[in-house]
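Here is how the chains run, residue by residue.
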Amino acid sequence: MPSSAQSYAQDATVESERPAKRAKVGGSPGQFQSVDENEDGSYGNAMPDAIVNDDFEDTYGTGSTSSKHEPKTSDLYLDTINRALLDFDFEKVCSVSTSNINTYGCLVCGKYFQGRGRSSYAYAHSIHDDHHVFINLETAKVYVLPDGYHVSDPSLEDISFVLNPTFTPASISGLSSPTHLLKPSYDLNNRPYIPGYIGLNNIKRNDHMNVIIHSLLHVPPLRDHLLLSNFKGKEPELLKRFAALAKKIWNPRLFKSQVSPHEFLQEVNRASGGKFRLEKQGDPVEFLGWLLNHLHKEMGGSRKKNSSKIYSTFQGELRMETQQVIVRPDASGNEKPKFDIDREIKSAVSPFLFLAIDLPPPPLFQDAVEKNIIPQVSIYSVLAKYNGVSTQESAGQLRRYKCQRLPPYIILHYKRFTNNVFVEEKNPTIVTFPLRGVDFREYLDAPPSHPPAVYDLIANVTHESVAGTTRDKENTTWKVHLRAGGGGGDGEKWFQIQDLIVEETRKEMIFLGESVLQIWERRSKSAPSTDGTAKTNADR
């Protein structure tokens, strides 16, 4: 055969073996390139590993946004996207290899797969299940597989926003104002919801962590710090996931009016060494203390005050004075020990993140009609522990407390649970409190000319279980009351959230529960005082 004819036959054979050229989505109009063929004629799209770098893959025909005059073949698959099945709340790991490296989400069925090269699980899924549209869970770029086209279409912007919500100072400026309640959002089923006041999924037994998440994410300084964050570097994983959860809870464009904290709680389980788990009921106060200290450390905080957003928001200072108890011979049997000014009094100032409140012991006997007595006590009487005068005796020492510095937000912990030799006891005492206008100046070591330190309630965590004085962890439910709007009057509303149940509640019903945790916000000097400092009827 002549050499020219032989060369022609070889070229024809090579052309028949190569795949048909497809129109490239990106680039100039009329430009064509094979997806499986490089511009220099070499083959490089068959990657040996499932993990493929996105920037490396873009050299194989993924390109940039297509021109207006070029037909986009990828549009043929956009109608297969099923937004009702998309759920980006769970940990972003491949459903086959359980790896979290270079993970893609199928926009047709919602499953996660690794990579998009020819040997990847996403590539195999696109061929076997005929699902072609995938989104990179890190970069939010959308691709069509097995072709490998990069898709840039305005109709996909809502999916990218649900995956990675973004906020601006202007968009979060009114989250604590009454106008936020006047602008409800709507999910895919056209059900209205208010961003920030949505249910958190109770996966197994994590309701005690859900109430803490809600309470912290309604503290404006911490909430705004997390919503405006843009963690893309080597920040600690717990901080990044907590910020991502905050953005989902306050997202005004959710597909479903509920959020699952699974991704954040999985990292909590790892960071705490299994101490706080999804399937085990726990104590929200213990979880709150661990979370605040862990977030403070991951925000770069130190022992210095205001070294992190946690310390600048919640940290105050408390002075504790102690003195040894000495029984005097002339003391009567019922006389309580008092501080003796003639003897040495040790004084120490220490920081605090929340104040522990002791409750009076419940009655031992039932009343005349064989019903349990549920005692009530005013918040002002239990706060007297910190007035610098009331004393407590413990381990042969007298102690008295007074605050040296009050933080912008005070966390109160009502100590309802105590351990004895046999069981863990529960104190059912009801604490009555006003929602607005509690003056903490009496508990602050300051001159009389100091301006009032008035605080308003923003979050209240309550405990519910079977009647009695024994703690029953198996039948325990945790609820949280959250303030919406603020400012008092008709513009202020309260919502009760128990896992996925969100309902508006009457202000008069809030103090009827067994409060365990409360967060109080210091009122600014310019804030209106529609309720004044009036107390409830039970407090008068």
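Residues numbered from 1 in each chain as written. Predicted model: local features only at pLDDT ≥ 70, side-chain atom pairs only at ≥ 80, totals over all residues. Heavy atoms only, no water.

Trainee: Just to check I follow, could you spell out the overall build of the chain for this structure?
Mentor: In terms of helices and strands, the chain carries 12 helices and 27 strands. In the chain, the proportion of contacts linking residues at least 24 apart, taken out of those at least 6 apart, comes to 67%. Accessible area for the chain stands at about 27,100 Å²; split by element, carbon and sulfur atoms hold 52% of it. (Helix = DSSP H or I, 4+ residues; strand = E, 2+ residues; numbered from the N terminus. Contact = heavy atoms within 4.5 Å. Areas by Shrake-Rupley, 256 points an atom, 1.4 Å probe, with all protein chains shown as cover.)

Trainee: I would appreciate a short explanation of the packing of aromatic side chains in the present structure.
Mentor: Where two aromatic rings form a pair, the distance of their centres and the angle of their planes describe that pair. Summed over all chains, the structure comprises 12 aromatic pairs. With a centroid separation of 6.3 Å and 20° between ring planes, the pair formed by Phe 287 and Trp 290 is classed as stacked. Within this pair, Phe 287 and its partner Trp 290 are both found in helix α10 (residues 284–298), separated by 3 residues, close to a single helical turn. A centroid spacing of 5.0 Å and a plane angle of 70° characterise the contact between Phe 440 and Tyr 455, whose relative ring orientation is edge-to-face. Of this pair, Phe 440 sits in the loop between β22 (438–439) and β23 (454–464) while Tyr 455 sits in strand β23; the two residues are 15 residues apart in sequence, bridging distant segments of the chain. A single burial state applies to Phe 440 and to Tyr 455, both of which are buried. (Phe/Tyr/Trp six-rings, centres within 6.5 Å; stacked < 30°, edge-to-face > 60°. Buried < 20%, exposed > 50% of the residue type's maximum accessible area, 1.4 Å probe, protein only.)

Trainee: Before we go on, may I ask you to explain the side chain of Glu 298 in this structure?
Mentor: Here Glu 298 shows up in helix α10. Here Glu 298 occupies a buried position and makes no salt bridge, while the nearest side chain of opposite charge, Lys 297, is found at 7.7 Å. What Glu 298 contacts, discounting residues up to four positions off in sequence, is Pro 236, Leu 238 and Leu 239. (Lys, Arg positive; Asp, Glu negative; His and termini not counted. Salt bridge = Lys/Arg side-chain N within 4 Å of Asp/Glu carboxyl O.)

Trainee: Which parts of the structure should I look at to understand unusual backbone geometry?
Mentor: Comment: phi is negative for the bulk of residues other than glycine, and the bulk of peptide bonds are trans. The residue after Leu 145, namely Pro 146, is reached through a cis peptide bond having omega 5°. Structurally, the position occupied by Pro 146 is in the loop between β6 (142–144) and β7 (149–151). Look at Thr 98: it is not a glycine, yet its phi comes out positive at around 60°. Relative to the elements of secondary structure, Thr 98 occurs in the loop between α2 (54–57) and β3 (103–106). The exposure class assigned to Thr 98 is exposed, which follows from its relative accessible area of 60%. With a phi close to 65°, Ala 140 is a non-glycine residue in the positive phi region.

Trainee: Would you mind showing me how to read the sheet that holds strand β17 (residues 397–405) here?
Mentor: Adjacent strands of a sheet pair through backbone hydrogen bonds, lying either parallel or antiparallel. Across the sheet, 4 strands lie side by side as β13-β12-β17-β16; this open sheet has antiparallel pairing. Where the open sheet ends on each side, the last strands, each with one partner, are β13 (346–352) and β16 (392–394). Adjacent strand axes in the sheet meet at a mean angle of 35° when their direction is disregarded. Inspection of the sheet shows strand β12 (residues 316–324) paired to β13 by 7 bridges, in the antiparallel sense. (Pairing = 2+ DSSP bridges. Axes fitted to C-alpha atoms, helices over the stretch in contact; angles between N-to-C directions.)

Trainee: Explain the sheet that holds β3 here, please?
Mentor: One open sheet holds the 5 strands; their spatial order is β4-β3-β5-β6-β7, and the pairing between them is antiparallel. Two strands in the sheet have a free side with no partner beyond their single neighbour: β4 (112–114) and β7. Here the strands of the sheet are splayed against their neighbours by 40° on average, with no regard to which way each runs. Across 3 bridges, β6 lies against β7 in antiparallel orientation. Counted as the bridge partner of Val 144 is Tyr 149 from β7. Each of β3, β4 and β5 (133–136) is contacted by helix α3 (residues 121–128), which is oriented at about 125° to β4, the strand it contacts most.

Trainee: Before we go on, may I ask you to explain the packing of helix α6 (residues 207–216) against α10 in this structure?
Mentor: A pair of packed helices is characterised by two quantities: the angle between their axes and the separation of those axes. Where α6 meets α10, the axes come as close as 9 Å, and the angle between the chain directions of the two elements is 50°. Relative to α10, the element α6 lies oblique. Seen along the crossing, α6 lies across α10 with a hand that is right-handed. Contacts from His 208, Met 209, Val 211, Ile 212 and Leu 216 of α6 reach α10 at Pro 284, Phe 287, Leu 288, Leu 291 and Leu 292. Each residue belonging to the contact of α6 with α10 can be placed in one class, and the counts come to 9 nonpolar, 1 polar and no charged. (Parallel < 35°, antiparallel > 145°, perpendicular 65-115°, else oblique. Left-handed = near helix turned anticlockwise from the far one by under 90°. Nonpolar A, V, L, I, M, F, W, Y, C, P; charged D, E, K, R; others polar.)

Trainee: Where do I start with the confidence of the model for the chain in this structure?
Mentor: Reading fine detail from the predicted coordinates is not recommended where pLDDT is low. Residues of the chain with pLDDT of at least 70 account for 76%, and the chain-wide mean is 79. Below a pLDDT of 50 lies the segment residues 1–71, which in the model reaches 97 contacts outside its immediate sequence neighbourhood of four places, other chains included. Segment residues 529–540: pLDDT under 50, and 28 contacts once partners within four positions in sequence are set aside and those in other chains are kept. (pLDDT = per-residue confidence, 0-100.)

Trainee: Please clarify how α6 should be interpreted in this entry.
Mentor: An α-helical turn contains 3.6 residues, so a residue and the one three or four places further along point in the same direction. Across the 10 residues of α6, 10 count as buried, placing the element largely inside the fold. Those residues of α6 lying buried are Asp 207, His 208, Met 209, Asn 210, Val 211, Ile 212, Ile 213, His 214, Ser 215 and Leu 216.

Trainee: What is the right way to look at the pattern of salt bridges in this model?
Mentor: Between side chains of opposite charge, pairing is possible as soon as their charged atoms come close. Summed over the entire model, instances satisfying the criterion amount to 29 salt bridges. One salt bridge connects Arg 270 with Glu 267, and the closest N-O pair in it is separated by 3.1 Å. Here Glu 267 and Arg 270 lie together in helix α9 (residues 262–271), a separation of 3 residues that amounts to about one turn. We classify Arg 270 as partly exposed; its relative accessible area is 45%. Asp 456 serves as the salt-bridge partner of Arg 436, at 3.2 Å between the closest nitrogen and oxygen. Of this pair, Arg 436 sits in the loop between β21 (430–432) and β22 while Asp 456 sits in strand β23; the two residues are 20 residues apart in sequence, bridging distant segments of the chain. Side by side, Arg 436 and Asp 456 carry an identical accessibility label, which is buried. A single salt-bridge network, built from bridges that share partners, covers Glu 91, Glu 237, Lys 240, Arg 241, Glu 267 and Arg 270.

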